[in-house]
Amino acid sequence: MSKKVMIVEDNELNLKLFTDLLRAHQFIVEGVRDGRLALEQARMFAPDLVIMDIQLPHVSGIDLIEAMQKDAILSAVPVLAVTAYAGKGDEERIRAAGARGYLSKPVSVMKFLEAVRVIVG
């Protein structure tokens with residue numbers, strides 16, 4: 001059975017790239033461009049993995065990861081954080097918030113797929 005992946009990404013090109021890549025590898029994918037809708041969409045979609053951009057308008061990806069960890073329905077869903085702004089200490093902060101994996105942009109296709117497979121198989 002195909003795994004379900006939800007992508008929270010405001011950049012249209014990144015969202016399309018991640019979506020197309022995952023669908024080509026038999027994942028069921030749903031994209032969310034507005035982080036304010038992410039938790040509600042995740043509850044409805046019931047993903048096996050959430051790929052979370054950290055730099056989102058209106059809400060931080062770190063805040064969303066923390067909110068998922070506190071949510072009875074979403075706390076078991078692993079998160080792969082993806083960010084273009086990888087500063088000193090960012091990975092530690094993101095992992096401390098509850099992210100299972102971390103990638104910095106630009107992301108190579110092979111590293112991206114490997115990170116997804118490590119988390120969801």
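Above this text you will find the structure in question.
Since the model is a prediction, treat every value here as computed from it, not as a measurement.

**Q** Could you give me a rundown of the environment of alanine 96, with the residues and numbers involved?
**A** Within the secondary structure layout, alanine 96 lies in helix 4 (residues 90–97). For the pair formed by alanine 96 and glutamate 66, sequence separation is 30 residues and the distance between their alpha carbons is 9.0 Å.

**Q** For the packing of helix 1 (residues 12–24) against helix 5 (residues 109–120), give the residues involved together with the corresponding values.
**A** When two helices pack together, their arrangement is given by the angle between their axes and by how far apart the axes lie. Across the interface, helix 1 lies against helix 5 with an axial gap of 11 Å and an inter-helix angle of 60°. In this structure, helix 1 meets helix 5 at a crossing whose hand is right-handed. In this structure, helix 1 uses Phe18, Leu21 and Leu22 to contact helix 5, whose residues at the interface are Val109, Phe112, Leu113 and Val116. Here the contact of helix 1 with helix 5 is built from residues that sort into 7 nonpolar, no polar and no charged.

**Q** Describe helix 5, and please don't skip the residues or the numbers.
**A** End to end, helix 5 covers 17 Å across 12 residues, agreeing with the expected 16 Å (1.5 Å per residue, within 8%). Along helix 5, the residues classified as buried are Phe112, Leu113, Ala115, Val116, Ile119 and Val120. Seen along its axis, helix 5 keeps its buried residues to an arc of 160°; they face one direction. Of the exposed residues in helix 5, those oriented more than 90 degrees away from the buried face are Met110, Lys111, Glu114 and Val118. Lining the buried residues of helix 5 we find helix 1, strand 3 (49–53), strand 4 (79–83) and strand 5 (101–104). Where helix 5 ends, the next residue or the one after it, glycine 121, has phi of about 85°, a positive value.

**Q** Which residues make up the sheet that holds strand 2 (residues 28–32), and what values do they have?
**A** Across a sheet, strands are paired by hydrogen bonds formed along the backbone, either parallel or antiparallel in direction. The strand order across the open sheet formed by 5 strands is 2-1-3-4-5, and the pairing between neighbours is parallel. Since the sheet does not close on itself, it has two edges, and those belong to strand 2 and strand 5, each with one partner. Taken pair by pair, the neighbouring strands of this sheet meet at an average axis angle of 20°, ignoring direction. Of the pairings in the sheet, the one linking strand 1 (residues 4–8) to strand 3 comprises 4 bridges and is parallel in character. Following the sheet pairing, methionine 6 is matched in strand 3 by valine 50. In the packing of helix 4 onto the sheet, contacts are made with strand 4 and strand 5, and the angle to strand 5 comes to roughly 145°. Against the sheet, helix 5 contacts strand 3, strand 4 and strand 5, and its axis sits at roughly 140° relative to strand 3.

**Q** Report on the packing of aromatic side chains, specifying residues and quantitative values.
**A** Considering all chains together, one arrives at 1 aromatic pair under this definition. Pairing phenylalanine 18 with phenylalanine 112 gives two aromatic rings, centres 4.6 Å apart and planes at 10°, and the pair type is stacked. Separated by 94 residues along the polypeptide, phenylalanine 18 in helix 1 and phenylalanine 112 in helix 5 bring together distant segments of the chain. Phenylalanine 112 matches phenylalanine 18 in its accessibility class, with the two residues each being buried. Above the face of the phenylalanine 45 ring, lysine 4 is positioned so that its terminal group lies 4.7 Å from the ring centre.

Conventions and cut-offs
Residues numbered from 1 in each chain as written. Predicted model: local features only at pLDDT ≥ 70, side-chain atom pairs only at ≥ 80, totals over all residues. Heavy atoms only, no water. Helix = DSSP H or I, 4+ residues; strand = E, 2+ residues; numbered from the N terminus. Axes fitted to C-alpha atoms, helices over the stretch in contact; angles between N-to-C directions. Left-handed = near helix turned anticlockwise from the far one by under 90°. Contact = heavy atoms within 4.5 Å. Nonpolar A, V, L, I, M, F, W, Y, C, P; charged D, E, K, R; others polar. Expected span 1.5 Å × (residues − 1). Buried < 20%, exposed > 50% of the residue type's maximum accessible area, 1.4 Å probe, protein only. Arc of directions from axis to C-beta. Pairing = 2+ DSSP bridges. Phe/Tyr/Trp six-rings, centres within 6.5 Å; stacked < 30°, edge-to-face > 60°. Lys NZ or Arg CZ within 6 Å of the ring centre and 35° of its normal.

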